[in-house]
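Descriptive structure summary
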Amino acid sequence: MALSGELWAELPAERRIFCSVLLFSWAVYLWEAFLAHRQRRVYRTTTHVPQELGQIMDSETFEKSRLYQLDKSTFSFWSGLYSEIEGTMILLCGGIPFLWKLSGQISGHAGFGQEYEIVQSLVFLLLATLFSAMTGLPWSLYNTFVIEEKHGFNQQVLVTIYADYIAPLFDKFIPLPEGELKQQIETMAKSIDFPLTKVYVVEGSKRSSHSNAYFYGFFKNKRIVLFDTLLEDYSALNKEPAEGEDGENEETKSKTKNKKQGCKNEEVLAVLGHELGHWKLGHTVKNIIISQMNSFLCFFLFAVLIGRKELFTAFGFYDTQPTLIGLMIIFQFIFSPYNEVLSFCLTVLSRRFEFQADAFAKELGKAKDLYSALIKLNKDNLGFPVSDWIFSMWHYSHPPLLERLQALKDAKQE
Ligand SMILES: [Zn+2]
């Protein structure tokens, strides 16, 4: 050990940087592969619907999702191994300086000499994108046309993009009509000093997103927004259409026919209790502060590091220090340990926040309603509901349904 330590110390700084980057990249890869292996074991051995979900998930759906996840995970293992080896080969064979030189020749031919670093950078980006598209294409084709086809899961991507990014552009916000629910919401907001000014319902029935309710607004002027998929009694709007909007009648009528199974008022309040818990416990503010501090730190470190010549020599740039390459080396390679640690801390924190918000709703006496609301709301986007605990802790910033249910159950028994 002491000997290898000495050898390490004797290596020039750029060799040490280069080796550390490679070693770390493999360490992360092996760790992720280990977690994925644990998760595959869960897919393989969990063949029955968990008892808590018995009412909302039939064994056929469960089995289908299980086999799909198993195939997908095996596929990711091979594609992950491939890209790790590819990345290593690129680094070892000096792929980056080679591509940089090639870009210089191309931009030179086009009449842009060495003084046009920006042109050379653009060509470099273009070539790098082309290269990664070409090497990635077979994998993504296999994924789409073999795996997803086999399990009948294709086109999901397009549907999700539509539901998450395009449909919300056409969302309609309607004030929640006067009534029992509105009063209950106002009472609850008051009881925890939430400065509520308005409650809206959004016609979000096209959405697949996990979001059911949120709040926005600054300081003393907050609004709550509920998605209509959350509300069982939303069709009540039929009886009291918003004033002066006759055109809406037909649309709302057709909606009653395929009314979705929403939540009862008590359950809606429990879900809101969770969301307001995020506010009361200062989670939103904490997240903003963390992300600001992080950007500040990154730019500070970048400014310090960009002048270090050995970072460039480590990756084969002996007599030039192009800015683009510096960005790439620092953000992608040098920061990678920091990014791994940071993203793990953020995941842990976010999970904590979710459990705390659930606990807050429980303190408002809503554990039971939140329990049943969570089951109802996750009915359609359950995927495969069981996960290995380390895999879940590392990857899921939002705790899976079963873990939340478990925590609420523990809370109920207290
Ligand atoms: Zn939450």
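Residues numbered from 1 in each chain as written. Predicted model: local features only at pLDDT ≥ 70, side-chain atom pairs only at ≥ 80, totals over all residues. Heavy atoms only, no water.

The name given to the protein in an unreviewed UniProt entry is CAAX prenyl protease, with the source organism recorded as Lepidothrix coronata. In its Catalytic activity (unreviewed entry) section, UniProt records this for the protein: "Hydrolyzes the peptide bond -P2-(S-farnesyl or geranylgeranyl)C-P1'-P2'-P3'-COOH where P1' and P2' are amino acids with aliphatic side chains and P3' is any C-terminal residue." Looking at the protein in UniProt, the text filed under Function (unreviewed entry) is "Proteolytically removes the C-terminal three residues of farnesylated proteins." (UniProt positions renumbered as here; feature names shortened; annotations may be inferred.)

Take the side chain of Arg351 next. Among the secondary structure elements, Arg351 is positioned in helix α14 (residues 336-363). For Arg351, a relative accessible area of 10% puts it in the buried group. With residues up to four places along the chain from it excluded, the contact list for Arg351 reads Ser392, Met393, Tyr396, Ser397, Pro399, Pro400 and Glu403. (Helix = DSSP H or I, 4+ residues; strand = E, 2+ residues; numbered from the N terminus. Buried < 20%, exposed > 50% of the residue type's maximum accessible area, 1.4 Å probe, protein only. Contact = heavy atoms within 4.5 Å.)

So, about the sheet that holds strand β4 (residues 222-227). Pairing within the open sheet is mixed, and its 4 strands lie in the order β1-β2-β4-β3. This sheet does not close on itself; its edge strands, each paired only once, are β1 (173-175) and β3 (213-216). The sheet shows a mean angle of 30° between the axes of neighbouring strands, direction not considered. Where strand β2 (residues 196-202) lies against β4, 6 bridges are found, and the strand directions are parallel. Among the inter-strand pairings, Val201 is bridged to a residue of β4, identified as Leu226. Most of the contacts of helix α10 (residues 265-280) go to β3, to which it runs at about 40°, and overall it touches β3 and β4. (Pairing = 2+ DSSP bridges. Axes fitted to C-alpha atoms, helices over the stretch in contact; angles between N-to-C directions.)

Another point: the coordination of the zinc ion. On the protein side, the zinc ion has His274 (NE2), His278 (NE2), Glu354 (OE) and Glu354 (OE) as donor atoms, found 2.1 to 2.7 Å from it. Each of the 4 donor atoms around the zinc ion contributes to a set of angles spanning 51 to 134°, which defines the coordination as irregular. When the donors of the zinc ion are listed by position in the chain, the intervening gaps give H-x3-H-x75-E. In this pair, His278 sits in helix α10 while Glu354 sits in helix α14, placing the two residues 76 residues apart along the sequence. (Donors = N, O, S within 2.8 Å, 3.2 Å for Na, K, Ca; no water. Tetrahedral: all angles 85-135°; square planar, octahedral: opposite > 155°, others 65-115°.)

As enumerated under the stated definition, the model contains 24 aromatic pairs in all. Here Phe331 and Phe335 contribute two aromatic rings whose centre-to-centre distance is 5.2 Å and whose plane-to-plane angle is 80°, an arrangement assigned as edge-to-face. A ring pair is formed by Phe391 and Tyr396, whose centres lie 5.8 Å apart and whose planes are at 85°; its orientation type is edge-to-face. In this structure Phe391 comes out as buried when scored by relative accessible area, which is 14%. In this structure an aromatic cluster arises from ring pairing among Trp31, Phe34, Phe344 and Trp394. (Phe/Tyr/Trp six-rings, centres within 6.5 Å; stacked < 30°, edge-to-face > 60°.)

This brings us to the pairing of β2. The side chains of a regular strand alternate between both faces of the sheet. With 3 bridges connecting them, β1 and β2 associate as antiparallel partners. Within β2, the residue paired with Ile174 across the bridge is Val201.

One can describe the packing of helix α2 (residues 13-45) onto helix α3 (residues 59-92) by two numbers: an axis separation of 10 Å at closest approach and a directional angle of 170°. One finds that α2 runs roughly antiparallel with respect to α3. Along the lines of polarity and charge, the residues of the contact of α2 with α3 split into 13 nonpolar, 6 polar and 4 charged. (Parallel < 35°, antiparallel > 145°, perpendicular 65-115°, else oblique. Nonpolar A, V, L, I, M, F, W, Y, C, P; charged D, E, K, R; others polar.)

Taking 1.5 Å per residue, 35 residues should reach 51 Å; helix α5 (residues 117-151) reaches 48 Å between its end C-alpha atoms and fits that length. Along α5, the largest kink reaches about 40° and is centred on Gly136; proline Pro138 follows within four residues of it. For α5, the set of buried residues is Val119, Gln120, Ser121, Val123, Phe124, Leu127, Thr135, Asn143, Ile147, Glu148 and His151. Taken together, the buried residues of α5 touch α3, α4 (95-109) and α13 (323-334). Looking at the residues trailing α5, positive phi occurs at Gly152, about 65°. (Expected span 1.5 Å × (residues − 1). Bend = angle between axes of the 7 residues up to and from the residue.)

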